[in-house]
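Here are the chains, one letter per residue:
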Amino acid sequence: MPVIQYREALNQAMSEEMERDDRVFLMGEEVAEYNGAYKVSQGMLDRFGPRRIIDTPISEEGFAGIGIGAAMVGLRPIIEFMTFSFSLVAFDQIVNNAANIRYMSGGQFSLPIVFRGNSGMAGSLAATHSHRPEAWYAHVPGLTVVMPATPADAKGLLKSSIRSDDPIVFIEHENLLGERGEVPDDPEFLIPIGQAEIKRPGSDVTIITYSRSLLTSLKAAEKLADEGIDCEVVDLRTIRPLDMETLVASVTKTHRAVIVEENWPYCGIGAGIADRLYRSIFDELDAPIGRVFTKDAPVPYNRTMELAMLPSVEGVVAEVKSLLNR
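Source: prediction; values computed, not measured.

Definitions and limits used
- Residues numbered from 1 in each chain as written.
- Predicted model: local features only at pLDDT ≥ 70, side-chain atom pairs only at ≥ 80, totals over all residues.
- Heavy atoms only, no water.
- Phe/Tyr/Trp six-rings, centres within 6.5 Å; stacked < 30°, edge-to-face > 60°.
- Helix = DSSP H or I, 4+ residues; strand = E, 2+ residues; numbered from the N terminus.
- Pairing = 2+ DSSP bridges.
- Axes fitted to C-alpha atoms, helices over the stretch in contact; angles between N-to-C directions.
- Contact = heavy atoms within 4.5 Å.
- Salt bridge = Lys/Arg side-chain N within 4 Å of Asp/Glu carboxyl O.
- Buried < 20%, exposed > 50% of the residue type's maximum accessible area, 1.4 Å probe, protein only.
- Arc of directions from axis to C-beta.
- Core = buried A, V, L, I, M, F, W, Y, C linked by side-chain atoms within 4.5 Å.
- Domains from an automatic or database assignment.

Overview of the packing of aromatic side chains
And then number 1: As enumerated under the stated definition, the model contains six aromatic pairs in all.
And then number 2: With a centroid separation of 6.2 Å and 75° between ring planes, the pair formed by F84 and Y137 is classed as edge-to-face. Pair noted here: F84 is in the loop between strand 4 (76-81) and helix 4 (91-98) and Y137 is in helix 6 (residues 134-138), with a separation of 53 residues, a long-range link.
And then number 3: Their ring planes at 50° and their centres at 6.3 Å tell us that Y278 and F282 sit as a pair that is tilted.
And then number 4: Here a set of aromatic residues connected by ring pairs shows up, and it is made of F63, F81, F84, F91, F115 and Y137.

With respect to the sheet that holds strand 6 (residues 144-146)
And then number 1: Strand order in the open sheet formed by seven strands is 3-2-4-5-7-6-12, and the pairing between neighbours is mixed. The open sheet is flanked by strand 3 (53-55) and strand 12 (238-240), the only strands paired with a single partner. If you compare each strand with its neighbour and ignore which way they point, the axes differ by 20° on average.
And then number 2: Pairing of strand 6 with strand 7 (residues 168-173), which is carried by three bridges, proceeds in the parallel orientation. Bridging from a neighbouring strand, V145 pairs with V169 of strand 7.
And then number 3: Relative to strand 4, helix 3 (residues 60-72) is tilted by about 165°, and along the sheet it contacts strand 2 (24-28), strand 4 and strand 5 (114-119).

Concerning the pattern of salt bridges
And then number 1: Under the definition given, this model contains 25 salt bridges.
And then number 2: The partner of D153 in a salt bridge is K199, with the nearest N and O atoms 2.7 Å apart. Here K199 lies in strand 9 (residues 197-200) and D153 lies in helix 7 (residues 151-163), a separation of 46 residues in the sequence.
And then number 3: The class of K199 is partly exposed, set by a relative accessible area of 25%.

Some thoughts on helix 9 (residues 244-254)
And then number 1: Listed in full, the buried residues belonging to helix 9 are M244, T246, L247, S250, V251 and T254. Down the axis, helix 9 shows its buried residues gathered within 160° of arc, on one side only.
And then number 2: Those residues of helix 9 that are buried lie in contact with strand 9, strand 10 (205-209), strand 11 (231-235), strand 13 (257-260) and helix 10 (269-281).

With respect to the environment of S15
And then number 1: Inspection of the secondary structure puts S15 in helix 1 (residues 6-20).
And then number 2: In this structure S15 comes out as buried when scored by relative accessible area, which is 2%.

Here's the deal with the sheet that holds strand 10
And then number 1: Here we have five strands laid out as an open sheet, ordered 9-11-10-13-14, and mixed in their pairing. Each of the sheet's edge strands pairs with one partner strand only, and the pair in question is strand 9 and strand 14 (290-292). On average, adjacent strands in this sheet sit at an angle of 25° to one another, irrespective of strand direction.
And then number 2: One ladder, built from five bridges, connects strand 10 with strand 11; its direction is parallel.

So, unusual backbone geometry
And then number 1: Residue P241 follows R240 across a cis peptide bond; omega there is 5°.
And then number 2: Locating P241 in the fold gives a position in the loop between strand 12 and helix 9.
And then number 3: The backbone of S124 sits at a positive phi, close to 60°, despite the residue not being glycine.
And then number 4: With respect to the helices, strands and loops of the structure, S124 is situated in the loop between strand 5 and helix 6.
And then number 5: Despite not being glycine, H255 has its phi angle at roughly 70°, a positive value.
And then number 6: Its location among the elements puts H255 in the loop between helix 9 and strand 13.

What about the nonpolar core?
And then number 1: F81, F115, I208, L247, I273 and L277 are the most contacted members of the largest nonpolar core, which totals 47 residues.
And then number 2: In terms of domain composition, this core takes at least three residues from each of domain 1 (3-182) and domain 2 (197-323).
And then number 3: When sequence neighbours within four positions are dropped, the list of residues in contact with I208 reads V234, L236, L247, V251, A257, V258, I259, V260, I273 and L277.
And then number 4: The next biggest cluster of nonpolar side chains, apart from the first, holds 46 residues, and it includes F48, L176, A221 and I229.

Bear in mind that shape data such as this cannot, by itself, settle questions of function.
Right, dumping it as structure tokens:
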């Protein structure tokens, strides 16, 4: 399989689906003439033309709403937010309209739309450009939230998202765009939405994670392996719906769990996962569920302070060891 960057995998996914289905189009800020703010749509304007690769004004609420209307009448839009922090301007469209149209129309309308773009703390972008909004969107019935960590998962899940008849919030971490990995060039390569994957099998503790925190978790698992501690690392890939079957099976095997996420602790993804695991398999746990998360404060501009907020390899190692000593 060819080794390509994460951003190239996203480009492949969109291009292959646009070749397959002429109802698919891409719309957002700088996606056309500039080839994408992060070069994810590089070359797509030349390939598909301005009727299908559409530059927009800086008006997220406006072009998100246009996309929702287009999906209601049978097209399959991909709406790119330059950063998911900017999706907050379109929150009303995504949460009030996209999430509810199928339900409120009694099933008369489906809504095949993908809202995608970058999120996360990417390096001195400060508080208003560093949001991790997955918990906000995962809270809403009617939305599916996808957060792949590897180039292959990015391609397979984006293709599945574009083919879905439901609204998808597809979040890419900005610091993953340059990551490289093997990616199948099969135009029918699909990964099912809602299916987690065990990225590293183990027997002593389950590390549950997603997006960029997968890289941190795998590094921590390797460090712990040097000390004789065998960690199983589970990549959620999809935040909503959550693959509880895989999580329950893994934690039932290891009897311990640590949840690692690049998000605030209060009302976060980790809190929701811990609650569901406690309710499902409380008697299987040999220790409380551990959590490693971002410091509970606005994201600073200063790079050193920003790095200090993030989950670290050392933090994951310490949390795992604390569980094993209980």
